[in-house]
Amino acid sequence: MKQNRRQFINRTLAGLATMSVSPGVLGRNITFANESYESKPWIELSKAAYLHNASQISQMSAGKPIVAVLKNNAYGLGEVQVAQLLDQSSHIFGMAVVKDESALAMRSSGVIKPILLMGDFDTALADSLRQQNITLSIFSRESLKKVRQIAKDSSQVVQVALYIDTGLGRMGIPYQEAISIAKEIAGTNHLSITQTFSTLTTPKDFAQVQIDRFEKITNELGKKGVPTGLKHLAPSYSILDISVSHQDAVRPGILLHGSFPLANMSEAEKYPLQVPYCLKAPVIRLEKLKAGDTIGFSRFYQVEQDEWIATLPIGWADGYDSGAENGAKVLLAGELYPVVNVNASHVNVTLGAHTKVRIGDVATLIGPEHSEITPEGFGKLVKGHNYLQINYKESITKQVYETF
Ligand SMILES: *Cc1c(COP(=O)(O)O)cnc(C)c1O
(Lines give C-alpha, C1' and ligand atoms only; values in the text may rest on other atoms or scores of the structure.)
Protein backbone atom coordinates (compact mmCIF):
# COMPACT_ATOMS: atom_id res chain seq x y z
CA MET A 1 0.00 0.00 0.00
CA LYS A 2 2.72 2.37 -1.08
CA GLN A 3 0.13 5.03 -1.86
CA ASN A 4 -0.68 5.50 1.80
CA ARG A 5 2.78 6.81 2.51
CA ARG A 6 2.16 9.74 0.26
CA GLN A 7 -0.25 12.51 0.88
CA PHE A 8 -3.16 12.05 -1.44
CA ILE A 9 -4.43 15.58 -1.81
CA ASN A 10 -7.24 15.40 -4.26
CA ARG A 11 -9.54 12.67 -5.28
CA THR A 12 -11.47 13.81 -8.32
CA LEU A 13 -15.13 13.02 -8.63
CA ALA A 14 -14.32 9.97 -10.65
CA GLY A 15 -11.13 9.37 -8.69
CA LEU A 16 -12.01 6.11 -7.11
CA ALA A 17 -8.90 4.19 -7.91
CA THR A 18 -7.64 3.93 -4.39
CA MET A 19 -7.21 0.97 -2.15
CA SER A 20 -9.75 2.32 0.29
CA VAL A 21 -12.69 1.89 -2.06
CA SER A 22 -14.54 -1.21 -1.03
CA PRO A 23 -14.91 -4.02 -3.56
CA GLY A 24 -17.76 -3.60 -5.92
CA VAL A 25 -18.42 0.06 -5.16
CA LEU A 26 -19.23 1.71 -8.46
CA GLY A 27 -17.85 -1.34 -10.19
CA ARG A 28 -14.24 -0.22 -9.91
CA ASN A 29 -12.77 -3.21 -8.17
CA ILE A 30 -12.63 -6.86 -9.01
CA THR A 31 -13.07 -9.27 -6.12
CA PHE A 32 -10.94 -12.37 -6.44
CA ALA A 33 -10.18 -14.99 -3.81
CA ASN A 34 -11.06 -12.59 -1.00
CA GLU A 35 -8.74 -9.99 -2.40
CA SER A 36 -9.65 -6.68 -3.86
CA TYR A 37 -7.57 -4.92 -6.45
CA GLU A 38 -7.90 -2.27 -9.11
CA SER A 39 -9.40 -3.14 -12.47
CA LYS A 40 -8.63 -0.04 -14.48
CA PRO A 41 -5.63 2.13 -15.32
CA TRP A 42 -5.09 5.51 -13.67
CA ILE A 43 -2.80 8.53 -13.81
CA GLU A 44 -1.06 10.04 -10.78
CA LEU A 45 0.08 13.67 -10.82
CA SER A 46 2.71 15.27 -8.59
CA LYS A 47 2.14 18.83 -7.49
CA ALA A 48 5.79 19.25 -6.48
CA ALA A 49 7.00 18.13 -9.91
CA TYR A 50 4.64 20.48 -11.78
CA LEU A 51 5.76 23.40 -9.62
CA HIS A 52 9.40 22.42 -10.18
CA ASN A 53 8.91 22.34 -13.96
CA ALA A 54 7.21 25.74 -13.95
CA SER A 55 10.14 27.14 -12.02
CA GLN A 56 12.66 25.59 -14.47
CA ILE A 57 10.79 27.03 -17.47
CA SER A 58 10.91 30.41 -15.81
CA GLN A 59 14.71 30.03 -15.60
CA MET A 60 14.88 29.04 -19.28
CA SER A 61 13.15 32.28 -20.17
CA ALA A 62 15.00 34.63 -17.82
CA GLY A 63 12.06 34.90 -15.45
CA LYS A 64 9.31 35.63 -17.94
CA PRO A 65 5.82 34.64 -16.77
CA ILE A 66 4.32 31.48 -18.24
CA VAL A 67 1.05 31.02 -20.08
CA ALA A 68 0.52 27.27 -19.58
CA VAL A 69 -0.93 25.58 -22.67
CA LEU A 70 -3.31 22.93 -21.33
CA LYS A 71 -5.07 22.08 -24.59
CA ASN A 72 -6.20 18.54 -25.41
CA ASN A 73 -7.06 17.87 -21.78
CA ALA A 74 -3.54 18.96 -20.75
CA TYR A 75 -2.13 16.48 -23.28
CA GLY A 76 -4.28 13.78 -21.74
CA LEU A 77 -3.13 14.32 -18.17
CA GLY A 78 -6.24 16.14 -16.90
CA GLU A 79 -6.80 19.81 -17.73
CA VAL A 80 -8.64 20.62 -14.52
CA GLN A 81 -6.19 18.82 -12.24
CA VAL A 82 -3.09 20.28 -13.92
CA ALA A 83 -4.64 23.77 -14.01
CA GLN A 84 -5.40 23.58 -10.29
CA LEU A 85 -1.77 22.70 -9.57
CA LEU A 86 -0.28 25.36 -11.83
CA ASP A 87 -2.66 27.98 -10.46
CA GLN A 88 -0.54 27.74 -7.31
CA SER A 89 2.75 28.61 -9.05
CA SER A 90 4.03 32.19 -8.89
CA HIS A 91 5.70 31.60 -12.29
CA ILE A 92 2.41 30.94 -14.04
CA PHE A 93 0.57 33.95 -15.43
CA GLY A 94 -2.41 31.93 -16.62
CA MET A 95 -3.69 29.02 -18.67
CA ALA A 96 -4.47 28.65 -22.38
CA VAL A 97 -6.89 26.16 -23.92
CA VAL A 98 -8.53 25.59 -27.31
CA LYS A 99 -12.03 24.46 -26.28
CA ASP A 100 -14.71 26.61 -24.66
CA GLU A 101 -15.84 23.84 -22.28
CA SER A 102 -12.26 23.39 -21.08
CA ALA A 103 -11.99 27.05 -20.11
CA LEU A 104 -15.29 26.88 -18.22
CA ALA A 105 -14.42 23.58 -16.51
CA MET A 106 -11.16 25.04 -15.22
CA ARG A 107 -12.87 28.16 -13.90
CA SER A 108 -15.62 26.12 -12.20
CA SER A 109 -12.94 24.02 -10.53
CA GLY A 110 -11.64 27.14 -8.80
CA VAL A 111 -8.80 28.27 -11.07
CA ILE A 112 -8.22 31.96 -10.37
CA LYS A 113 -5.55 33.01 -12.87
CA PRO A 114 -6.46 34.27 -16.35
CA ILE A 115 -7.73 31.61 -18.75
CA LEU A 116 -7.16 32.28 -22.44
CA LEU A 117 -9.42 30.58 -24.97
CA MET A 118 -7.27 30.28 -28.11
CA GLY A 119 -10.06 28.66 -30.15
CA ASP A 120 -13.61 29.53 -31.12
CA PHE A 121 -16.64 29.25 -28.84
CA ASP A 122 -20.21 28.12 -29.07
CA THR A 123 -22.57 31.12 -28.97
CA ALA A 124 -24.70 29.29 -26.42
CA LEU A 125 -21.75 29.54 -24.00
CA ALA A 126 -21.10 33.23 -24.63
CA ASP A 127 -22.76 34.40 -21.41
CA SER A 128 -20.92 31.89 -19.27
CA LEU A 129 -17.59 32.76 -20.86
CA ARG A 130 -18.15 36.44 -20.11
CA GLN A 131 -19.36 35.83 -16.58
CA GLN A 132 -16.43 33.52 -15.87
CA ASN A 133 -14.00 36.12 -17.17
CA ILE A 134 -12.49 33.94 -19.89
CA THR A 135 -10.15 35.85 -22.23
CA LEU A 136 -11.55 35.41 -25.75
CA SER A 137 -9.28 35.29 -28.79
CA ILE A 138 -10.09 37.33 -31.84
CA PHE A 139 -8.64 35.40 -34.75
CA SER A 140 -10.72 36.60 -37.73
CA ARG A 141 -13.24 39.28 -38.73
CA GLU A 142 -16.03 36.76 -37.99
CA SER A 143 -14.74 36.13 -34.50
CA LEU A 144 -14.52 39.90 -33.92
CA LYS A 145 -18.22 40.18 -34.82
CA LYS A 146 -19.11 37.38 -32.44
CA VAL A 147 -17.14 38.87 -29.54
CA ARG A 148 -18.53 42.34 -30.24
CA GLN A 149 -22.01 40.93 -29.81
CA ILE A 150 -21.06 39.76 -26.32
CA ALA A 151 -19.61 43.18 -25.49
CA LYS A 152 -22.77 44.88 -26.72
CA ASP A 153 -24.90 42.79 -24.37
CA SER A 154 -22.54 43.36 -21.46
CA SER A 155 -22.08 46.09 -18.93
CA GLN A 156 -18.65 44.75 -17.97
CA VAL A 157 -15.42 44.78 -19.93
CA VAL A 158 -14.76 41.64 -21.98
CA GLN A 159 -11.08 40.73 -22.07
CA VAL A 160 -9.82 39.74 -25.49
CA ALA A 161 -6.61 38.49 -27.03
CA LEU A 162 -5.43 39.57 -30.45
CA TYR A 163 -4.39 36.32 -32.14
CA ILE A 164 -2.12 37.04 -35.11
CA ASP A 165 -1.01 34.60 -37.78
CA THR A 166 2.60 35.56 -38.46
CA GLY A 167 3.24 32.52 -40.67
CA LEU A 168 2.10 29.24 -39.09
CA GLY A 169 -0.87 29.48 -41.44
CA ARG A 170 -3.30 27.74 -39.11
CA MET A 171 -5.13 30.19 -36.86
CA GLY A 172 -5.11 33.91 -36.30
CA ILE A 173 -5.62 37.17 -38.13
CA PRO A 174 -3.28 37.33 -41.15
CA TYR A 175 -0.51 39.69 -39.99
CA GLN A 176 -1.24 42.16 -42.78
CA GLU A 177 -4.71 42.80 -41.30
CA ALA A 178 -3.80 42.76 -37.63
CA ILE A 179 -3.43 46.51 -37.16
CA SER A 180 -6.77 47.40 -38.66
CA ILE A 181 -8.61 44.76 -36.62
CA ALA A 182 -6.77 45.78 -33.44
CA LYS A 183 -7.90 49.38 -34.01
CA GLU A 184 -11.49 48.20 -34.44
CA ILE A 185 -11.27 46.28 -31.17
CA ALA A 186 -9.78 49.26 -29.37
CA GLY A 187 -12.63 51.39 -30.70
CA THR A 188 -15.32 49.07 -29.34
CA ASN A 189 -16.91 49.77 -25.96
CA HIS A 190 -16.43 47.08 -23.33
CA LEU A 191 -13.61 45.31 -25.22
CA SER A 192 -10.12 45.38 -23.80
CA ILE A 193 -7.04 43.76 -25.38
CA THR A 194 -5.21 42.09 -22.49
CA GLN A 195 -3.05 39.70 -24.55
CA THR A 196 -1.56 39.67 -28.05
CA PHE A 197 -0.11 36.45 -29.37
CA SER A 198 1.03 34.40 -32.33
CA THR A 199 2.74 31.01 -32.72
CA LEU A 200 6.23 30.41 -34.07
CA THR A 201 7.28 27.68 -36.47
CA THR A 202 10.43 25.69 -35.68
CA PRO A 203 12.89 26.67 -38.47
CA LYS A 204 14.95 29.38 -36.83
CA ASP A 205 15.31 31.67 -39.83
CA PHE A 206 11.56 31.77 -40.44
CA ALA A 207 10.78 32.08 -36.72
CA GLN A 208 12.92 35.23 -36.78
CA VAL A 209 10.86 36.54 -39.73
CA GLN A 210 7.71 35.87 -37.68
CA ILE A 211 9.14 37.64 -34.63
CA ASP A 212 9.97 40.67 -36.82
CA ARG A 213 6.42 40.73 -38.20
CA PHE A 214 4.98 40.48 -34.69
CA GLU A 215 7.19 43.22 -33.26
CA LYS A 216 6.45 45.53 -36.18
CA ILE A 217 2.72 45.19 -35.48
CA THR A 218 2.97 45.56 -31.70
CA ASN A 219 5.32 48.56 -32.01
CA GLU A 220 2.97 50.21 -34.46
CA LEU A 221 0.01 49.60 -32.16
CA GLY A 222 2.01 51.07 -29.29
CA LYS A 223 2.62 54.23 -31.32
CA LYS A 224 -1.07 54.51 -32.10
CA GLY A 225 -1.93 54.14 -28.42
CA VAL A 226 -3.62 50.73 -28.89
CA PRO A 227 -2.74 48.54 -25.90
CA THR A 228 -1.48 45.04 -26.69
CA GLY A 229 -1.49 43.59 -23.18
CA LEU A 230 0.79 40.62 -22.50
CA LYS A 231 2.63 39.58 -25.68
CA HIS A 232 3.59 35.95 -26.24
CA LEU A 233 4.86 33.80 -29.10
CA ALA A 234 6.91 30.88 -27.90
CA PRO A 235 5.92 27.22 -27.56
CA SER A 236 8.45 24.92 -25.84
CA TYR A 237 10.79 24.57 -28.81
CA SER A 238 11.13 28.30 -29.39
CA ILE A 239 11.66 28.99 -25.67
CA LEU A 240 14.82 26.88 -25.90
CA ASP A 241 15.83 27.91 -29.41
CA ILE A 242 15.43 31.69 -29.64
CA SER A 243 15.53 33.97 -26.63
CA VAL A 244 14.05 36.93 -28.54
CA SER A 245 10.89 34.83 -28.80
CA HIS A 246 10.31 35.24 -25.05
CA GLN A 247 8.58 38.66 -25.41
CA ASP A 248 6.50 39.41 -22.26
CA ALA A 249 5.65 35.77 -21.55
CA VAL A 250 6.33 32.25 -22.83
CA ARG A 251 3.72 29.67 -23.75
CA PRO A 252 4.88 26.08 -23.20
CA GLY A 253 2.92 22.87 -23.24
CA ILE A 254 5.12 19.78 -23.19
CA LEU A 255 7.89 21.21 -20.96
CA LEU A 256 5.38 21.53 -18.13
CA HIS A 257 4.80 17.78 -18.33
CA GLY A 258 8.52 17.10 -17.95
CA SER A 259 9.49 16.37 -21.57
CA PHE A 260 11.58 18.39 -23.96
CA PRO A 261 10.06 18.91 -27.41
CA LEU A 262 12.82 16.88 -29.06
CA ALA A 263 14.86 13.92 -27.84
CA ASN A 264 18.40 14.58 -26.60
CA MET A 265 18.17 18.36 -26.38
CA SER A 266 21.32 19.80 -24.82
CA GLU A 267 19.25 22.07 -22.53
CA ALA A 268 17.92 18.99 -20.74
CA GLU A 269 21.05 18.91 -18.56
CA LYS A 270 21.05 22.59 -17.78
CA TYR A 271 17.36 22.69 -16.84
CA PRO A 272 16.45 19.28 -15.45
CA LEU A 273 12.71 18.70 -15.47
CA GLN A 274 10.83 16.20 -13.34
CA VAL A 275 8.38 13.63 -14.67
CA PRO A 276 5.20 14.89 -13.00
CA TYR A 277 2.97 11.93 -13.77
CA CYS A 278 2.72 8.15 -13.62
CA LEU A 279 0.53 5.92 -15.75
CA LYS A 280 -0.37 2.82 -13.79
CA ALA A 281 -2.41 -0.33 -14.34
CA PRO A 282 -2.91 -3.51 -12.34
CA VAL A 283 -2.18 -7.05 -13.48
CA ILE A 284 -5.59 -8.58 -14.14
CA ARG A 285 -4.48 -11.89 -15.63
CA LEU A 286 -1.40 -14.02 -15.17
CA GLU A 287 -0.85 -17.18 -17.21
CA LYS A 288 2.10 -19.34 -18.06
CA LEU A 289 2.00 -19.69 -21.83
CA LYS A 290 3.67 -22.62 -23.53
CA ALA A 291 6.38 -22.59 -26.18
CA GLY A 292 4.63 -22.12 -29.52
CA ASP A 293 1.70 -20.14 -28.09
CA THR A 294 1.08 -16.70 -29.54
CA ILE A 295 -0.42 -13.43 -28.26
CA GLY A 296 -2.63 -10.96 -30.10
CA PHE A 297 -4.98 -10.94 -33.08
CA SER A 298 -2.14 -10.97 -35.57
CA ARG A 299 -0.30 -13.52 -33.40
CA PHE A 300 2.21 -10.71 -32.96
CA TYR A 301 4.22 -12.32 -30.18
CA GLN A 302 5.39 -15.90 -30.27
CA VAL A 303 6.32 -17.64 -27.04
CA GLU A 304 9.61 -19.45 -27.54
CA GLN A 305 9.99 -21.03 -24.12
CA ASP A 306 7.27 -21.43 -21.49
CA GLU A 307 6.85 -18.03 -19.87
CA TRP A 308 4.58 -16.05 -17.59
CA ILE A 309 2.53 -13.41 -19.38
CA ALA A 310 0.77 -10.62 -17.50
CA THR A 311 -2.23 -8.77 -18.91
CA LEU A 312 -2.85 -5.10 -18.04
CA PRO A 313 -6.25 -3.44 -18.63
CA ILE A 314 -4.98 -0.61 -20.83
CA GLY A 315 -4.47 -0.37 -24.57
CA TRP A 316 -4.09 1.99 -27.48
CA ALA A 317 -7.76 3.00 -27.20
CA ASP A 318 -6.85 4.49 -23.80
CA GLY A 319 -4.07 6.48 -25.42
CA TYR A 320 -1.14 4.20 -24.60
CA ASP A 321 0.95 4.21 -27.75
CA SER A 322 0.71 0.96 -29.71
CA GLY A 323 4.39 1.31 -30.64
CA ALA A 324 5.09 0.14 -27.09
CA GLU A 325 5.09 -3.45 -28.37
CA ASN A 326 8.29 -2.59 -30.23
CA GLY A 327 10.50 -2.28 -27.19
CA ALA A 328 8.84 -0.43 -24.30
CA LYS A 329 9.18 -1.64 -20.72
CA VAL A 330 6.97 -1.49 -17.66
CA LEU A 331 7.96 -1.50 -14.00
CA LEU A 332 6.36 -4.30 -12.04
CA ALA A 333 7.28 -5.50 -8.55
CA GLY A 334 10.49 -3.49 -8.73
CA GLU A 335 11.70 -4.84 -12.07
CA LEU A 336 11.44 -3.80 -15.70
CA TYR A 337 9.71 -6.16 -18.11
CA PRO A 338 9.20 -5.89 -21.89
CA VAL A 339 5.83 -5.11 -23.42
CA VAL A 340 5.13 -7.77 -26.07
CA ASN A 341 1.65 -6.88 -27.27
CA VAL A 342 -0.64 -3.82 -27.34
CA ASN A 343 -4.28 -4.19 -28.37
CA ALA A 344 -7.11 -1.67 -28.08
CA SER A 345 -7.82 -2.44 -24.41
CA HIS A 346 -4.99 -4.71 -23.27
CA VAL A 347 -1.25 -4.79 -22.91
CA ASN A 348 0.77 -7.96 -22.42
CA VAL A 349 4.07 -8.11 -20.62
CA THR A 350 6.44 -11.07 -20.49
CA LEU A 351 7.75 -11.98 -17.05
CA GLY A 352 9.98 -14.95 -17.94
CA ALA A 353 9.96 -18.57 -16.79
CA HIS A 354 9.51 -17.78 -13.09
CA THR A 355 7.76 -14.89 -11.47
CA LYS A 356 6.92 -13.35 -8.13
CA VAL A 357 4.35 -11.07 -9.73
CA ARG A 358 0.77 -11.61 -8.54
CA ILE A 359 -2.65 -10.65 -9.81
CA GLY A 360 -3.41 -7.14 -8.57
CA ASP A 361 0.24 -6.00 -8.56
CA VAL A 362 0.44 -2.54 -10.05
CA ALA A 363 2.55 -1.88 -13.15
CA THR A 364 3.98 1.56 -13.87
CA LEU A 365 3.90 2.10 -17.63
CA ILE A 366 5.17 5.69 -17.46
CA GLY A 367 6.79 7.29 -14.45
CA PRO A 368 9.91 8.89 -12.99
CA GLU A 369 11.49 5.81 -11.33
CA HIS A 370 13.57 4.47 -14.25
CA SER A 371 14.99 6.09 -17.36
CA GLU A 372 13.29 3.44 -19.55
CA ILE A 373 9.80 4.41 -18.41
CA THR A 374 10.05 8.20 -18.34
CA PRO A 375 8.10 9.84 -21.16
CA GLU A 376 11.36 10.55 -22.96
CA GLY A 377 12.76 7.09 -22.23
CA PHE A 378 9.58 5.52 -23.58
CA GLY A 379 9.84 7.68 -26.73
CA LYS A 380 13.41 6.49 -27.30
CA LEU A 381 12.62 2.79 -26.76
CA VAL A 382 9.76 2.85 -29.26
CA LYS A 383 11.69 5.15 -31.64
CA GLY A 384 8.92 7.70 -31.46
CA HIS A 385 8.79 11.35 -30.45
CA ASN A 386 8.23 12.96 -27.08
CA TYR A 387 4.62 13.93 -27.74
CA LEU A 388 3.63 10.26 -28.22
CA GLN A 389 2.72 9.13 -24.75
CA ILE A 390 0.59 12.05 -23.69
CA ASN A 391 -2.66 11.39 -25.47
CA TYR A 392 -4.39 9.58 -22.67
CA LYS A 393 -8.15 9.40 -22.81
CA GLU A 394 -10.21 11.53 -20.52
CA SER A 395 -11.83 8.44 -19.00
CA ILE A 396 -8.59 7.51 -17.21
CA THR A 397 -8.92 8.48 -13.56
CA LYS A 398 -6.54 11.11 -12.20
CA GLN A 399 -5.12 11.21 -8.68
CA VAL A 400 -3.19 14.20 -7.41
CA TYR A 401 -0.37 13.92 -4.86
CA GLU A 402 1.80 16.51 -3.11
CA THR A 403 4.84 14.60 -4.33
CA PHE A 404 5.84 11.16 -5.59
C1 LIG B 1 0.31 23.48 -28.53
C2 LIG B 1 0.59 24.91 -28.52
C3 LIG B 1 1.61 25.42 -27.71
C4 LIG B 1 2.50 24.56 -26.83
O5 LIG B 1 3.28 23.66 -27.60
P6 LIG B 1 4.42 22.78 -26.94
O7 LIG B 1 5.23 22.33 -28.10
O8 LIG B 1 3.76 21.65 -26.26
O9 LIG B 1 5.16 23.64 -26.01
C10 LIG B 1 1.78 26.79 -27.68
N11 LIG B 1 1.00 27.60 -28.42
C12 LIG B 1 0.02 27.14 -29.21
C13 LIG B 1 -0.82 28.10 -29.99
C14 LIG B 1 -0.22 25.79 -29.30
O15 LIG B 1 -1.20 25.33 -30.09
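Preceding block: the structure.
Below: a short report on this structure. (Residues numbered from 1 in each chain as written. Predicted model: local features only at pLDDT ≥ 70, side-chain atom pairs only at ≥ 80, totals over all residues. Heavy atoms only, no water.)

## What about helix H8 (residues 204-223)?
In an α-helix, one turn spans 3.6 residues; hence positions three or four apart end up facing the same way. A rise of 1.5 Å per residue sets the reference length of H8, with its 20 residues, at 28 Å; its end C-alpha atoms lie 28 Å apart and thus fit the reference within 8%. Every buried residue of H8 is listed here: Ala207, Gln210, Ile211, Phe214, Ile217, Thr218 and Leu221. Down the axis of H8, the buried set is contained in an arc of 130°. They therefore lie on one face. Of the residues in H8, the exposed ones pointing more than 90 degrees away from the buried face are Asp205, Lys216 and Lys223. In this fold, the buried residues of H8 make contact with strand S9 (158-165), helix H7 (178-186), strand S11 (191-197) and strand S12 (230-232). (Helix = DSSP H or I, 4+ residues; strand = E, 2+ residues; numbered from the N terminus. Expected span 1.5 Å × (residues − 1). Buried < 20%, exposed > 50% of the residue type's maximum accessible area, 1.4 Å probe, protein only. Arc of directions from axis to C-beta. Contact = heavy atoms within 4.5 Å.)

## What to know about the layout of surface pockets
Any empty space left between the atoms is revealed when a probe the size of a water molecule rolls over them. Taken as a whole, the largest pocket spans an internal volume of roughly 480 Å³. Listed by contribution, the elements that provide at least two residues to the lining of the largest pocket are helix H2 (71-75) and helix H9 (236-241). Taken together, the residues of the lining of the largest pocket sort by class into 15 nonpolar, six polar and three charged. (1 Å grid on protein atoms, 1.4 Å probe; cavity = no way out; pocket = protein on both sides within 12 Å on 5 of 7 lines; lining within 4 Å. Points joined across faces, edges and corners; volume = space filled by probe spheres on them. Nonpolar A, V, L, I, M, F, W, Y, C, P; charged D, E, K, R; others polar.)

## As for unusual backbone geometry
Unusually for a residue other than glycine, Asn72 sits at a positive phi of about 50°. Structurally, the position occupied by Asn72 is in helix H2. Even without a glycine there, the phi angle at Arg299 is positive, about 55°. Mapped onto the secondary structure, Arg299 falls in the loop between strand S15 (294-295) and strand S16 (301-302).

## Re the packing of helix H1 (residues 47-60) against helix H3 (residues 79-86)
The interhelical angle for the contact between H1 and H3, taken along N-to-C directions, is 65°, at an axis separation of 9 Å. Two packed elements cross with a definite hand, and for H1 against H3 that hand is right-handed. Between H1 and H3, the residues in contact are Lys47, Tyr50, Leu51 and Ala54 and Val82, Leu85 and Leu86, respectively. Per-class residue counts for the contact of H1 with H3 are six nonpolar, no polar and one charged. (Axes fitted to C-alpha atoms, helices over the stretch in contact; angles between N-to-C directions. Left-handed = near helix turned anticlockwise from the far one by under 90°.)

## Comments concerning the pairing of strand S17 (residues 307-312)
Here S17 lies mainly inside the structure; five of its six residues are buried. Bridge count for strand S14 (residues 285-289) against S17 is five bridges, and the pairing is antiparallel. Note that in S17 the partner of Leu286 across the bridge is Ala310. The sheet contact formed by S17 and strand S20 (residues 347-352) spans five bridges and is antiparallel. Across the sheet, Trp308 pairs through a bridge with Gly352, a residue of S20. (Pairing = 2+ DSSP bridges.)

## Quick word on the packing of helix H6 (residues 141-152) against H7
The geometry of H6 relative to H7 is characterised by a closest axis approach of 11 Å and an angle of 5° between their N-to-C directions. In terms of their interaxial angle, H6 and H7 are classed as roughly parallel. For the pair H6 and H7, the contacting residues are Arg141, Leu144 and Arg148 in the first and Ser180, Ile181, Glu184 and Ile185 in the second. Residue classes in the contact of H6 with H7 are distributed as three nonpolar, one polar and three charged. (Parallel < 35°, antiparallel > 145°, perpendicular 65-115°, else oblique.)

## Quick notes on the pattern of salt bridges
Across all of its chains, the model carries nine salt bridges by this definition. The partner of Glu44 in a salt bridge is Lys280, and the shortest N-O contact between them spans 3.4 Å. Note that Glu44 is positioned in strand S4 (residues 42-46) and Lys280 in strand S13 (residues 277-282), a separation of 236 residues in sequence. Among the residues examined, Glu44 registers a relative accessible area of 0% and is labelled buried. (Salt bridge = Lys/Arg side-chain N within 4 Å of Asp/Glu carboxyl O.)

## A closer look at the nonpolar core
Core analysis: the biggest nonpolar cluster contains 96 residues, and Leu70, Leu86, Met95 and Tyr320 have the highest contact counts within it. Looking at this core element by element, the count peaks at five residues for H8. In terms of domain composition, this core takes at least three residues from each of domain 1 (5-45 + 276-401) and domain 2 (47-270). Discounting residues that sit within four places of it in the chain, Tyr320 has contacts with Leu279, Ile314, Gly315, Ala328, Val330, Val339, Val342, Val347, Leu365, Phe378 and Tyr392. If you look at the next biggest cluster of nonpolar residues, it comprises 11 residues, including Leu116, Phe139, Phe197 and Leu230. (Core = buried A, V, L, I, M, F, W, Y, C linked by side-chain atoms within 4.5 Å. Domains from an automatic or database assignment.)

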